[in-house]
Structure formats: structure tokens, C-alpha cells
Amino acid sequence: MRSLRTGFSLAALVTGAVLLFTAPAAHAADTPLRDLAAAKGKVVGTAVTGSKLTGSYGDIAGAQFSSLTPGNAMKWETVEPTQGTFNWSEADQIVAFAKAHNQQVRGHTLAWHSQNPSWLTNGTWTSAQLSSLLQNHISTEVGRYKGEITAWDVVNEPFNEDGTYRSTLWYNGLGANYIAQALTWAHTADPAAKLYINDYNVEGVNAKSTALYNLVKSLKAAGVPIDGVGLQAHLILGQVPATLQQNIQRFADLGVDVAITELDVRMALPADAGKLAQQKADFKSVVAACAAVTRCVNITVWGFTDSDSWVPGTFPGYGAATPYDENYAPKPAYYGIAEALGGTTTTPPTGACSATYGVTSQWNTGFTGQVTIACTGSALSSWRATWTYGAGQQITQAWNAVCTQSGSAVTCTNASYNGTVPDGGSVTFGFNASWSGSNPVPVVTLG
């Protein structure tokens with residue numbers, strides 16, 4: 001589950017020319033989420049794609065969050081695609097970014113049934129061989145990042161929905177003891193790292209979370225190094241479990257930390273004002289439940305922007321699951337997180353239309369830009385976007401809009417066919433322009 005989508009960033013790598021500078025349509029809270037969380041004794045994190053940690057994506061990831069989880073970069077199929085041949089490039093990139101921005105890193109994940117390399121899953125192994133392979137993988141990866149990773153999701157998704165053990169390469173080959181072995185090997189490789197078992201649909205009190213509870217209790221009793229449990233929290237709109245805080249507290253009472261590790265709240269598309277308001281309430285409820293329990297130490301969203309979310313590719317017809325929209329503008333969900341952490345925010349008014357300016361490609365004498373006009377809880381029958389260039393940029397061509405420029409002032413109005421922007425909808429127009437020396441992002445005003 002839960003691979004972050006990277007389609008746009010892959011295009012950037014192929015062309016070598018795609019840059020994205022996005023001016024958010026709404027300003028985030030004055031106090032960054034990471035500072036609000038720190039004041040509550042919490043860490044707030046996001047899963048990230050290493051290749052995107054530049055421009056607005058990197059700016060937001062660095063400014064708003066105090067912890068990063070590699071979405072895919074530390075999974076077995078990524079780091080050892082061929083037996084004995086390792087690729088640490090994206091993982092190293094994320095760790096370096098975190099260091100530069102004074103952030104923790106949450107390692108994800110060491111023993112899982114999914115996203116393993118084909119040489120491992122297609123091999124025929126004895127129990128002894130399989131144990132040796134898992135021990136070597138954990139020792140190698142945890143050892144490489146010794147002292148640099150705050151916490152590891154050591155074992156991921158070990159249970160079925162009814163609380164029985166999931167049939168996996170590890171369980172079938174090594175029995176349930178693989179969990180204790182994996183934790184022990186990880187502890188040996190980095191005694192300072194916090195070690196977690198992570199699973200989904202364990203947010204409320206149910207058969208699956210009770211199986212996890214009993215496992216953690218037995219591991220603690222046996223002296224196995226286990227520091228915490230991760231509740232993934234891939235939720236559906238309006239379905240936050242009523243027993244979430246109770247469940248967090250019962251794990252804390254075992255003497256382990258709790259983390260919300262992969263929070264998102266998906267909705268049936270298209271998004272509208274009512275759904276976004278419910279999503280805000282859901283994010284706020286989850287974060288507030290964590291904030292209320294001392295040993296709930298981390299709340300991590302599984303990607304902060306809808307452009308980097310796994311949801312649409314896995315649940316057709318669903319999406320808009322993260323705190324920021326695809327243009328990096330904070331959604332009501334962002335303000336729900338901030339408010340649950342004690343922040344005082346001014347939520348953008350319900351029933352608003354906004355314009356977001358972006359640069360999609362740039363070369364030594366020119367660039368291609370676009371402006372997206374989006375409405376939530378409101379609609380337009382015509383539109384007019386204006387901005388002022390600050391460095392002598394000159395528009396030379398436009399499409400899907402009629403653009404004029406007088407000095408530094410630019411005015412673009414809708415074409416005859418795209419003046420209507422419905423509630424929950426958007427239109428985009430583009431242009432080519434020249435520049436020299438610098439290309440700062442202007443603020444777009446709708447009039």
C-alpha cells in the first residue's frame with residue numbers, strides 16, 4: 001500500500017527542464033505546524049518523494065514539518081533491487097535534506113510483505129536462508145543510517161483484519177517469531193533508534209488493534225526491544241474511529257510510544273466545500289486525539305500535497321486526501337491540524353475562488369507559465385487575473401486567455417469558451433514570456 005505518486009517529478013527528471021514555482025492561493029498559518037507541534041511536545045511529519053524536494057515542494061516540506069518519512073526510498077525493492085547491489089541515492093538525499101532543515105527521519109520500512117524485489121519474492125529459500133537474508137537487510141540498512149534515523153517502522157502490516165497473522169514471506173518462512181527477531185536485529189544495528197510495529201485499520205479498538213496490543217504486550221514481557229506502535233490512519237471522509245484516543249491511550253499504558261504514521265483522509269471526487277469542511281474536522285479530530293495523550297509523539301501525513309498522494313491511483317474516484325491541494329495551497333484540513341495543535345488560524349472563507357501562478361519550464365531567455373483559477377463553495381461566470389512583474393518579464397504569447405501587458409502590469413481575461421468556473425472546478429491558462437537575470441513569482445489577483 002501507499003506508494004507516493006511521482007509522475008510529475010519523473011517528467012522533470014526526463015526533460016531536465018521542469019521547474020515549479022507556485023504561489024499558494026492562501027497563506028498558511030503564521031506559526032508553522034512544526035513549531036505548533038513542538039509547543040505541545042509533539043513532532044509533525046510528512047512522507048516525501050526525494051526527487052521533488054526543491055522549489056515550493058521542498059520549501060513547504062522544510063518549513064512546516066519536523067520529521068520526514070521516505071515514501072518509497074528505504075523499501076527493500078528500492079535499496080536492493082538486485083541481490084547484493086544497493087541503491088541509497090534517494091534515501092541519502094532525504095536524510096541530507098532533513099539534516100539541513102533540522103528534521104528527524106522516520107525509517108520506513110524493514111520487514112513488509114509488499115514492495116520487495118523480485119529476486120527475494122521469487123526465490124526458493126530455506127528458513128535458515130530467509131532468516132539470514134532478513135537479518136542482513138536490517139543490519140545493513142539500519143547500520144548505514146545509525147545515529148541518523150530517529151525511529152524505524154521495523155515490521156509493517158503483520159496482521160489480517162480479524163487479528164490473525166498475515167500470510168507473508170516472513171510469517172510463512174519463519175513463523176511469528178520473525179517480528180521479535182527483526183526488532184532485535186534492528187536494535188543491535190542502532191541501539192538509539194526507536195523501533196515500531198506499524199499497521200493500518202488499527203486506529204480504533206477492534207480485533208486487529210487488539211491483536212497488535214497483545215503482541216506488543218507479549219514482546220514487552222519477553223524483553224524484546226519494542227518502543228512504539230504506528231497507527232497508519234489511512235481514513236475515509238467522516239469515518240474517524242470514535243475509540244481512537246482510547247486506543248492510543250491503551251497502547252501508551254503498555255509503556256510504548258504511539259505515532260500516527262500515514263495520515264490522510266480520502267473523499268469521493270470532486271471535492272466541494274462540504275467535503276473539505278468534513279475533512280478539516282477529521283484531521284483536527286485525529287491530531288487532537290494524539291495531542292491529548294502524552295506518549296503519542298508523532299503525527300505524520302502521508303504526503304502533504306494532493307499532487308503527491310497515493311490515493312487516486314489506488315482508489316479510483318477518490319482523492320483530495322492531504323492538507324494541501326495540487327497547487328500547494330493549504331486546504332481547510334491544514335487549518336484543522338494547526339488548530340488541534342493550539343494554533344490560531346484564519347481559515348480561508350468558504351465560498352472563495354483563487355488563482356495560483358506557476359512556472360512549468362524555464363530556459364536562459366524565457367519561460368512557460370500557467371495560472372490555475374479554482375473555486376470552492378463559489379463559482380464564476382467570467383474571470384480576470386492581474387499581476388505585476390518585478391524583474392522585467394514580458395509575455396510574448398498566451399493561450400486559453402486574452403492577455404495584455406502595460407509596462408510591468410499584466411491583465412488576463414477568460415476566452416469565450418472558459419469563463420465559467422463551477423464550484424469545485426478549475427480552469428488553467430498558459431503563456432510564454434521572456435526574462436533576464438531573475439524570475440520572481442508575482443502575486444495574482446482575481447478581479
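In what follows, the structure referred to is the one given above.
Predicted, not measured: the structure shown is a model, and the values here were computed from it. (Residues numbered from 1 in each chain as written. Predicted model: local features only at pLDDT ≥ 70, side-chain atom pairs only at ≥ 80, totals over all residues. Heavy atoms only, no water.)

K.L.:
What should I look at first to understand unusual backbone geometry in this one?
P.N.:
Apart from glycine, the bulk of residues carry a negative phi angle, and the bulk of peptide bonds sit in the trans form. For the bond from H108 to T109, the omega torsion is -5 degrees, close enough to zero to count as cis. Tracing the chain through its elements places T109 in strand β3 (residues 104-111). Of the consecutive residues L269 and P270, the connecting peptide bond is found in the cis state with omega at 5 degrees. For Q115, which is not glycine, the phi torsion reads 50 degrees and is therefore positive. As for its position among the elements, Q115 is in the loop between β3 and α6 (118-121). Notably, N400 is not glycine yet its phi reads approximately 65 degrees, a positive angle. Within the fold, N400 resides in the loop between β14 (394-399) and β15 (401-406). For N400, a relative accessible area of 29% translates into the label partly exposed. (Helix = DSSP H or I, 4+ residues; strand = E, 2+ residues; numbered from the N terminus. Buried < 20%, exposed > 50% of the residue type's maximum accessible area, 1.4 Å probe, protein only.)

K.L.:
Help me understand the nonpolar core, please; the structure alone is not making it clear to me.
P.N.:
Across soluble globular proteins, nonpolar side chains have a tendency to be buried as a group. Of all hydrophobic cores here, the largest spans 92 residues; its most connected members are W152, I260 and L263. Examining the composition of this core, we find that eight residues originate from one element, helix α9 (residues 178-189), more than from any other. Leaving out residues up to four positions away in the same chain, W152 has contacts with M74, G107, H108, L110, E141, V142, Y145, A193, K194, L195 and Y196. Grouped together as the second largest cluster of nonpolar side chains are 22 residues, A355, Y357, V371 and A433 included. (Core = buried A, V, L, I, M, F, W, Y, C linked by side-chain atoms within 4.5 Å. Contact = heavy atoms within 4.5 Å.)

K.L.:
Could you clarify how one ought to interpret the pairing of strand β9 (residues 296-301) in this entry?
P.N.:
For a regular strand, the rule is simple: side chains alternate between the two faces of the sheet. Counting buried residues in β9 gives five out of six residues, a clear majority hidden from the surface. Across four bridges, the pairing between strand β1 (residues 43-48) and β9 is parallel. Counterpart to V43 in the pairing with β9 is N298. Looking at chain direction, strand β8 (residues 257-268) and β9 are connected through four bridges and run parallel. Residue L263 lies in a different strand from β9, and its bridge partner there is V301. The parallel pair β8 and β9, bridged by helix α12 (residues 273-291), forms a crossover whose chirality is right-handed. (Pairing = 2+ DSSP bridges. Right-handed = clockwise from strand over helix to strand, strands pointing away.)

K.L.:
Is there a simple way to think about the packing of aromatic side chains in this case?
P.N.:
The description of an aromatic ring pair uses the distance of the two centres, along with the angle that the planes make with each other. Evaluated as defined, the whole model comprises 23 aromatic pairs. On the numbers, 5.9 Å between centres and 75 degrees between planes, the contact of W88 with Y145 is edge-to-face. On the criterion of sequence distance, the pair formed by W88 in the loop between α4 (76-79) and α5 (89-100) and Y145 in the loop between α7 (127-144) and β4 (151-156) is long-range, its members being 57 residues apart. A residue is classified by how much of its surface remains accessible, and W88, at 12% relative accessible area, is buried. Where Y213 meets F251, the ring centres are 5.8 Å apart and the plane angle is 65 degrees; that geometry is what we call edge-to-face. In this pair, Y213 is assigned in helix α10 (residues 207-221) and F251 in helix α11 (residues 244-252), connecting sequence segments 38 residues apart. Here Y213 and F251 have matching classes, each one buried. Ring pairs connect the aromatic residues Y57, F65, F304, Y324, Y328, Y334 and Y335, which therefore count as one cluster. Cation over ring: R266 sits above F315, and NZ or CZ is 3.8 Å from the ring centre. (Phe/Tyr/Trp six-rings, centres within 6.5 Å; stacked < 30°, edge-to-face > 60°. Lys NZ or Arg CZ within 6 Å of the ring centre and 35° of its normal.)

K.L.:
How should I be thinking about the environment of A73 in this particular structure?
P.N.:
Among the secondary structure elements, A73 is positioned in the loop between β2 (67-70) and α4. As for A73 and A47, which are separated by 26 residues in sequence, their C-alpha atoms are 10 Å apart. If sequence neighbours within four positions are ignored, A73 has contacts with T78, V79, E90, A91 and I94.

K.L.:
How should the packing of α10 against α11 be read in this particular structure?
P.N.:
Each pair of packed helices can be described by the angle between their axes along with the distance between the axes. The geometry of α10 relative to α11 is characterised by a closest axis approach of 10 Å and an angle of 15 degrees between their N-to-C directions. In terms of orientation, α10 and α11 fall into the roughly parallel class. For α10 against α11, the interelement crossing comes out right-handed. Along the contact surface, α10 presents S209, T210, L212 and Y213, while α11 presents N247, R250 and F251. (Axes fitted to C-alpha atoms, helices over the stretch in contact; angles between N-to-C directions. Parallel < 35°, antiparallel > 145°, perpendicular 65-115°, else oblique. Left-handed = near helix turned anticlockwise from the far one by under 90°.)

K.L.:
Help me understand the state of the cysteines in this model?
P.N.:
By definition, a disulfide links two cysteine residues through a covalent bond between their sulfur atoms. Per the stated rule, a full pass over the model turns up three disulfides. Here C290 pairs with C296 through a disulfide, and the sulfurs are 2.1 Å apart. In this structure, the disulfide formed by C290 and C296 twists by about -105 degrees around the S-S bond and is classed as left-handed. Residues C290 and C296 agree in their burial class; the two are buried. (Disulfide = S-S within 2.5 Å.)

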